[in-house]
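# Observations on the model geometry
Spelled out, the chains give:
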Amino acid sequence: MKLAIIGSGKIVADFLTMAGDLPDTELVAIFGTEKSIQKIEKMKNEYRIRKIYTTYEECLKDTDIDTVYIGLPNHLHYSFTKEALLSGKNVICEKPFTIKLSELTELKDIAKINNLILIEAITTQYLSNYLSIKESVNTLGDLKIIECNYSQYSSRYNAFKNGEILPAFNPKAGGGALMDINIYNIHFVVGILGKPNSVAYLANVERNIDTSGILLLNYPNCKVVCIGAKDSTAPIKTLIQGDQGSIVLNGPANACDSFEVNINGQDSRIIDNKVHPHRMYEEFCEFARIIKESDFSKANQMLEQSQLVMEIAEEALTDAGIKLG
Ligand SMILES: NC(=O)c1ccc[n+]([C@@H]2O[C@H](COP(=O)([O-])OP(=O)(O)OC[C@H]3O[C@@H](n4cnc5c(N)ncnc54)[C@H](OP(=O)(O)O)[C@@H]3O)[C@@H](O)[C@H]2O)c1
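For clarity, every value in this text was computed on a predicted model and none was experimentally measured.

### Quick notes on the sheet that holds strand 13 (residues 259-263)
Pairing is mixed in the open sheet, where eight strands are placed in the order 8-9-10-7-11-12-13-14. Sheet topology places strand 8 (198-206) and strand 14 (267-271) at the edges, where each strand pairs with a single neighbour. Adjacent strand axes in the sheet meet at a mean angle of 10°, parallel and antiparallel pairs treated alike. Two elements, strand 9 (residues 209-218) and strand 10 (residues 223-229), share seven bridges in a ladder whose sense is antiparallel. Its bridge partner lying in strand 10, Ile214 is registered against Ile227. Packed on one face of the sheet, helix 8 (residues 177-193) meets strand 7 (143-151), strand 8, strand 9, strand 10, strand 11 (237-242) and strand 12 (245-250) and runs near 155° to strand 10.

### Examining the sheet that holds strand 5 (residues 90-94)
Spatial strand order, 3-2-1-4-5-6: six strands in an open sheet with parallel pairing. Only two strands of the sheet have a single partner each, and these edge strands are strand 3 (51-53) and strand 6 (118-121). Geometrically, the sheet is characterised by an average inter-axis angle of 25° between neighbouring strands, direction not taken into account. Where strand 4 (residues 67-70) lies against strand 5, four bridges are found, and the strand directions are parallel. Bridging across to strand 5, Val68 finds its partner in Val91. Across the sheet, helix 1 (residues 10-19) is in contact with strand 1 (2-6), strand 2 (26-31), strand 4 and strand 5; its angle to strand 1 comes to roughly 150°. Strand contacts of helix 2 (residues 37-47): strand 2 and strand 3, with the helix running at about 160° to strand 3, the strand carrying the most contacts.

### Here we look at the pairing of strand 11
Of the two faces of strand 11, only the one carrying Thr238, Ile240 and Gly242 is buried; Lys237, Leu239 and Gln241 on the other face are not. With six bridges connecting them, strand 7 and strand 11 associate as antiparallel partners. Directly across from Cys148, in strand 11, lies its bridge partner Thr238. The sheet contact formed by strand 11 and strand 12 spans five bridges and is antiparallel. Looking at strand 12, one finds that Leu239 is bridged to Val248.

### Some points on the UniProt feature "domain: Gfo/Idh/MocA-like oxidoreductase N-terminal" (unreviewed entry) in the protein chain
Under the feature "domain: Gfo/Idh/MocA-like oxidoreductase N-terminal" (unreviewed entry), the UniProt entry names residues 2-118. Along residues 2-118 the backbone is 43% helical and 21% strand, and the end-to-end C-alpha distance reaches 15 Å.

### Some words on the packing of helix 6 (residues 128-136) against helix 8
The N-to-C vectors of helix 6 and helix 8 enclose an angle of 40°; their axes lie 10 Å apart at closest approach. On the basis of their axis angle, the class for helix 6 and helix 8 is oblique. Here helix 6 and helix 8 pass one another in a crossing that is right-handed. Seen from helix 6, the contacting residues are Tyr130, Ile133 and Lys134; seen from helix 8, they are His187, Phe188, Gly191 and Ile192. Residue classes in the contact of helix 6 with helix 8 are distributed as four nonpolar, two polar and one charged.

Rules and cut-offs
- Residues numbered from 1 in each chain as written.
- Predicted model: local features only at pLDDT ≥ 70, side-chain atom pairs only at ≥ 80, totals over all residues.
- Heavy atoms only, no water.
- Pairing = 2+ DSSP bridges.
- Helix = DSSP H or I, 4+ residues; strand = E, 2+ residues; numbered from the N terminus.
- Axes fitted to C-alpha atoms, helices over the stretch in contact; angles between N-to-C directions.
- Contact = heavy atoms within 4.5 Å.
- Buried < 20%, exposed > 50% of the residue type's maximum accessible area, 1.4 Å probe, protein only.
- UniProt positions renumbered as here; feature names shortened; annotations may be inferred.
- Parallel < 35°, antiparallel > 145°, perpendicular 65-115°, else oblique.
- Left-handed = near helix turned anticlockwise from the far one by under 90°.
- Nonpolar A, V, L, I, M, F, W, Y, C, P; charged D, E, K, R; others polar.

Structure representation (C-alpha cells):
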C-alpha cells in the first residue's frame, strides 16, 4: 500500500506512532494545510514520510500514491473521499464514514464503478480480541442483553459550555456523542447481531447536538443499550449476557482489551489475544492486505457493515430530532 496521509491532527499523530510497524505499507506523502506546515514537516522527518503536499489536487495527482487515509473532521470525509476516488485512489476513511447515509451510498457506487477499495477505519472490527468475543458469544447460550457504555468527559465540553463550538460538538461538522463515541458501540453490536428490528435514541441535546445519549437496539430475542457520553464520565465497559453465561469487557469498544467469559457459576476465563499494543495496527495490516490482494469481497463485506451502522446512526439521530451537516 502506497499511502498518502490526509490531515495532521490527533488521530494522524497517533497513527504515525505505529505506522513503522506495518507490513506492506509505504508512507509516500502527507497532506495538510499551510497553517500546520511546521507540524507536518516535523512528522515527515520523524516518521520518514517522503513528500509533503499542501494542495489536495496535487497530492491526488501523484502516481506514487495508490491509497489515501483520511484523518480529517467528520464533515470533510465525504468530499475528500469523493475527490480521491474520482482521482483513482483507494480510500481508507476515519469513522464515522460520512455524516449522511446518502453520502456513503454515493461513495460506494463511485468506488464500485472505478474498481477501487473503499473502507472505513474502524478499529473494533479488526481487533483479535473482538474476533475472539464474536466466537465466545457462542458459548453463552441464547443472547438476552448487551450493554455498552462508552462515557468519557470531553475537554471540548468545557469550551462548549462556555459558548465556543468546536467540531466535536458542532452539528454542521457532524459532531455529537453518537457519531463520535457511540459509533464504536454500534459497530461492536452490529458485528455480532447484525441489523436490529428497531432503533430508538434518547439523547441529552444541548444547542442542537447530543452531548450524551442512550441508544436502544431491539432485536427479536436480544435487547441492547448503547450509551455514549461526552458530557460525563463512567467506567467504560461492555456486558454481554446469555442464558448460559456472560462476557465482561472492561474498556472501550475501539480498543477491546482483555475480556472475561463466565459460564454460569462453573467457569471463568480471562482471554487476551492482543497482537500489538496499538489499537490501529490490526486494521491497517488488513487494509494493506486487502489492497495488495485486491480483496474486493472482504472490502465489500466491511462496507456493508459500515452502511448498516450508518443506517442505524441516521435513524437514531432522526429519532432524537438532531440534524447534522
Ligand atoms: N479511530 C479512532 O480511534 C479515532 C480517534 C479519534 C478521532 N478519530 C476520527 O479522526 C478524524 C479526525 O479527528 P482528530 O481528532 O484527529 O481531529 P483534529 O485533531 O481536529 O485534526 C483535524 C485535522 O484536519 C485538518 N483540517 C481541518 N479542516 C481542513 C480542511 N478544510 N482542509 C484540510 N485539512 C483540514 C486539520 O488541519 P489544521 O489543523 O491545519 O486545520 C487537522 O490536521 C475524525 O473523523 C474522528 O472521528 C478517530
